[in-house]
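Examination of the molecular architecture
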Amino acid sequence: AFIPDWTSMLRQIFLKKRPVSRSSPQRFLSTEIRSIDMRGLTKSLEISGDINKSVHDNRSICTDIVDCLSHTGFLYLQYSPISPNIIRKTMQASTWLFELPEAEKNHLAGSGIGGAEYHSYYRYMHKGGSQDNIEAYNLCNDNVHSTLELRKRYYELAGFEKEWMPTGRRNSWPQDARFRSVLLEYWRQCEYLTGVLFASVESACGMNLGTFAEKHTCNDHTLELKKYPAISQEFEGSVRIDEHADLSTFTILIQDAVGGLQIYDMREETWLDVPARPDAVLINSGDFLRDFSAGKFPSTRHRVVAAQGESSKVDRISCVFFASPDWHARVEPLLEVATAEEADCTGHVLEQQQGVAVSSPAHEPHLAGDRMPM
């Protein structure tokens, strides 16, 4: 029988090369989260089915998207290519999942591959402690037997011996096929919107079309459903998920009316609510888009707090799609560096923008997998 050399394996994992951080000035950006009406672009996409042609014909919308993201790293999209019907069904499916009997949910937790860290369903206590037992259901690309198929090239480039490559994970689904059908359709529409956002940024910033797509060929994304249970009155307003920035290129969020998401306003030294809007999906730029854009698009720090008043008496449901680059993709600036003294491609001067806290460290060029959790 094969006996693993644990010393060699651990050495490869812990000596895995990490990108070198470089300090960069703290940026202060506008605190207003703006809303973009995508109706014209979405209609063009429905008619032509050609993303590049549609963004070319609707360049003003693309410019507005870039303008909004460069101010706060967040924006609301109205009339996006994600249909209101699939949003409604996804929220309903999420609620259905978390209402399953504990035995069925625990079965989902135990039927994945690769060890406990790869469970599709799990619970955890975060900042709220034992009073805040958050539930989560995590999905990866469903078109592969294991995520190892998507990440093998990275492991080879990183020098992993074949027998020590992590086995990866695959999805664990409830028995009701309708749930799987709804979630996969929502995933497909999030992937499509991500492609539209890539092309919009490329068009507005004068980049070659397809530049971002070349960094995201594997669709190695993540969809996470979360249930924040109602909590007692004494914990109203308490922090449930601590401040963080997203390790993604773009993040797409839909949520119920309970709310709780906040971004930090450094100018006023206070946290600002990000209201849940039933008429829009919420987009934010993550760490990888910040680095691909040489800091033009901030990776804004945010958190989740417990709702207050009547909203604290009901559960909060959210669905978050993290669009991430291929693990073997080289992360380096794809745009001209926009310094605090230079105007960005929408005509704004960065040093004149004030407001929210962003994740500011830049990195030397590196592979995306160097920063991914093993």
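This text goes with the structure placed above it.
Residues numbered from 1 in each chain as written. Predicted model: local features only at pLDDT ≥ 70, side-chain atom pairs only at ≥ 80, totals over all residues. Heavy atoms only, no water.

1. Concerning unusual backbone geometry
- Phi is positive for Tyr 79, which is not a glycine, with a value near 55°.
- Locating Tyr 79 in the fold gives a position in the loop between β3 (74-78) and α5 (84-98).
- If you check the backbone angles, Ala 294 has positive phi at about 55° while not being a glycine.
- The topology assignment puts Ala 294 in the loop between α9 (287-292) and β12 (299-300). (Helix = DSSP H or I, 4+ residues; strand = E, 2+ residues; numbered from the N terminus.)

2. Looking at the pattern of salt bridges
- If you walk through the whole model with that rule in mind, you get 20 salt bridges.
- Among the salt bridges present, the one from Arg 39 reaches Asp 37, with a minimum N-O distance of 2.6 Å.
- A relative accessible area of 45% places Arg 39 in the partly exposed class.
- Residues Arg 301 and Glu 243 are paired through a salt bridge, measuring 3.4 Å at the closest nitrogen-oxygen approach. Separated by 58 residues along the polypeptide, Arg 301 in the loop between β12 and β13 (302-305) and Glu 243 in strand β7 (residues 239-244) bring together distant segments of the chain. (Salt bridge = Lys/Arg side-chain N within 4 Å of Asp/Glu carboxyl O. Buried < 20%, exposed > 50% of the residue type's maximum accessible area, 1.4 Å probe, protein only.)

3. What to know about the sheet that holds β13
- As summarised here, the arrangement of the 4 strands in space is β7-β13-β9-β10, forming an open sheet in which the pairing is antiparallel. Looking along the sheet, the strands with just one partner apiece sit at the ends: β7 and β10 (270-273). Within this sheet the neighbouring strands show an average axis-to-axis angle of 30°, counted without direction.
- Here 4 bridges tie strand β9 (residues 261-265) to β10, and the two strands are oriented antiparallel to one another. Paired with Gln 262 across the two strands is Asp 273, which belongs to β10. (Pairing = 2+ DSSP bridges. Axes fitted to C-alpha atoms, helices over the stretch in contact; angles between N-to-C directions.)

4. Observations regarding the sheet that holds strand β11 (residues 280-285)
- Pairing in this open sheet of 8 strands is mixed, and the strands run β2-β3-β11-β8-β14-β6-β5-β4 from one edge to the other. Sheet topology places β2 (34-37) and β4 (121-125) at the edges, where each strand pairs with a single neighbour. Sheet twist, expressed as the average angle between the axes of neighbouring strands with direction ignored, equals 25°.
- The sheet contact formed by β4 and strand β5 (residues 133-139) spans 5 bridges and is antiparallel. Bridged to Tyr 121 within β5 is Tyr 137.
- Strands β4, β5, β6 (222-228), β8 (250-255), β11 and β14 (316-323) of the sheet are contacted by α5, whose axis makes an angle of about 115° with β14.
- Against the sheet, helix α8 (residues 177-204) engages β3, β5, β6, β8, β11 and β14, with an angle of about 135° to β8. (Contact = heavy atoms within 4.5 Å.)

5. Describing the nonpolar core
- Counting residues in each nonpolar core, the largest one holds 69 residues, and the members touching the most others are Leu 77, Tyr 137, Leu 183, Leu 193, Leu 225, Phe 250 and Ile 283.
- The leading source of residues in this core is α8, at 13 residues.
- In this view, Leu 77 contacts Ile 36, Met 38, Ile 65, Leu 193, Leu 197, Asp 279, Ala 280, Val 281 and Ile 283; residues no more than four positions away in its chain are not counted.
- Listed in part, the 17 residues of the second largest apolar core include Ile 33, Tyr 76, Ile 134 and Ala 280. (Core = buried A, V, L, I, M, F, W, Y, C linked by side-chain atoms within 4.5 Å.)

6. Considering the packing of aromatic side chains
- Under the criterion given, the structure shown has 11 aromatic pairs.
- Arranged with centres 5.8 Å apart and planes meeting at 75°, the rings of Tyr 154 and Trp 327 form a pair that is edge-to-face. Within this pair, whereas Tyr 154 is found in helix α7 (residues 148-157), its partner Trp 327 is found in the loop between β14 and β15 (330-331), the two being separated by 173 residues in sequence.
- Owing to a relative accessible area of 4%, Trp 327 belongs among the buried residues under this scheme.
- Each member of the aromatic cluster is reached from another via a ring pair, and the members are Trp 96, Tyr 137, Trp 173 and Phe 179.
- Positioned over the ring face of Phe 297 is Lys 296, at 5.5 Å from the centre of the ring. (Phe/Tyr/Trp six-rings, centres within 6.5 Å; stacked < 30°, edge-to-face > 60°. Lys NZ or Arg CZ within 6 Å of the ring centre and 35° of its normal.)

7. Examining the packing of helix α4 (residues 59-72) against α8
- Contact pair α4 / α8: the axes reach a minimum separation of 8 Å and the direction vectors enclose 95°. What the angle tells us is that α4 and α8 run roughly perpendicular. On the side of α4, the interface is formed by Arg 59, Cys 62, Thr 63, Ile 65 and Val 66, while α8 contributes Leu 197, Ser 200, Val 201, Ser 203 and Ala 204.
- Looking at side-chain class alone, the contact of α4 with α8 contains 6 nonpolar, 3 polar and 1 charged residues. (Parallel < 35°, antiparallel > 145°, perpendicular 65-115°, else oblique. Nonpolar A, V, L, I, M, F, W, Y, C, P; charged D, E, K, R; others polar.)

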